[in-house]
Amino acid sequence: MVLQTFIVFEGLDGTGTSTQIKLLQEKLESEKSFITAEPTDRETGLFLRKMLKGEIAVNPKTAAYMFAADRCEHVYGENGIVENCEKGKIVISDRYFFSSLAYQSFDCGEKLPYELNKNFPLPKYLFFFEIEPEKSLERVMNRSKQTGEQIEIYEKIDIQKKTYNAYQKVMDFYSKEEFSEMKIIRIDASLSIDEIHKKIWSIVQEMPILKS
Ligand code: TYD
């Protein structure tokens, strides 16, 4: 099932999805849009934030279940994705289950993340930000130096490289005819912030919900 007003941004850490979501948000009327992210800031997401900082260690399978549980609240919980789509809003999420398929596959295999996530609704647009893992990780490290932001457990070159390859497989899988109602837009994340924003806006501004 595809949610017609749901948009997802995906990519390795440091590819610039958050910056682009902020720019897109500025273009949209606040009553007509709902901007969100995973892990969420709900209790389920707070557990994951601690895990990402290395404060809690769990079995990789537990992490896969936890990301899916947080997503279940995100999608179906109060003031979640479905509720906001039903209210007629454009819902934009920084990460969704494609992150689980990419990140969790390297340490617990592809099957479990897929089984846990295959029934969640698909977005209408999936913007996939691509850049070599070395470059995106360099951005993460620079940001951390500037802001003091803590480096998270997946922000290591070997993990980012594996995740990069896994993401490519995930995008190939979802490019199949049976998922054609969802449009995947590959974004060259090495382009300028402005160039990327223009490309994204040229697509989003054509959504029927913004024409009514
Ligand atoms: P991120 O978008 O980097 O958030 P922030 O910029 O606020 O730190 O996401 C946090 C990390 O969580 C990122 O390394 C990817 C990881 N992640 C998963 O491993 N699986 C998932 O299902 C999701 C949603 C995120």
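Note that the structure is a prediction, hence the values are computed from the model and not measured.

Caption draft 1: View of the site of the ligand. In the neighbourhood of the ligand, 13 residues make up the surrounding shell, with Asp13, Arg71, Arg95, Ser100 and Gln104 lying closest. Between the ligand and Asp13 there is a distance of 2.8 Å, counted from an oxygen atom to a side-chain nitrogen or oxygen. Taking Arg49, its side chain carries an N or O atom lying 3.3 Å from an oxygen atom of the ligand. Here the ligand loses 87% of its free accessible area of 550 Å² to cover by the protein chains. Of all the secondary structure elements, the ones that give two or more residues to the shell around the ligand are helix H2 (43-52), helix H3 (60-76) and helix H5 (97-103). When residues in the shell around the ligand are grouped by element, the largest group, three residues, is from H5.

Caption draft 2: Expanded view of the nonpolar core. Counting residues in each nonpolar core, the largest one holds 36 residues, and the members touching the most others are Tyr96, Phe98 and Tyr174. Taken together, the elements giving at least two residues each to this core come down to strand E1 (2-11), H2, H3, helix H4 (81-86), H5, strand E4 (122-130) and helix H9 (157-174). With six residues, H9 is the largest single contributor of residues to this core. Those residues in contact with Tyr174 that sit more than four places away from it in its chain are Phe97, Phe98, Leu101, Tyr114, Leu122, Phe179, Met182 and Ile184. By size, the runner-up hydrophobic cluster in this structure holds 21 residues, among which are Leu24, Leu28, Ile92 and Trp201.

Definitions and cut-offs
- Residues numbered from 1 in each chain as written.
- Predicted model: local features only at pLDDT ≥ 70, side-chain atom pairs only at ≥ 80, totals over all residues.
- Heavy atoms only, no water.
- Near = heavy atom within 4 Å.
- Polar contact = N/O pair within 3.5 Å; in protein donor to acceptor, adjacent residues only side chain to side chain.
- Areas by Shrake-Rupley, 256 points an atom, 1.4 Å probe, with all protein chains shown as cover.
- Helix = DSSP H or I, 4+ residues; strand = E, 2+ residues; numbered from the N terminus.
- Core = buried A, V, L, I, M, F, W, Y, C linked by side-chain atoms within 4.5 Å.
- Buried < 20%, exposed > 50% of the residue type's maximum accessible area, 1.4 Å probe, protein only.
- Contact = heavy atoms within 4.5 Å.

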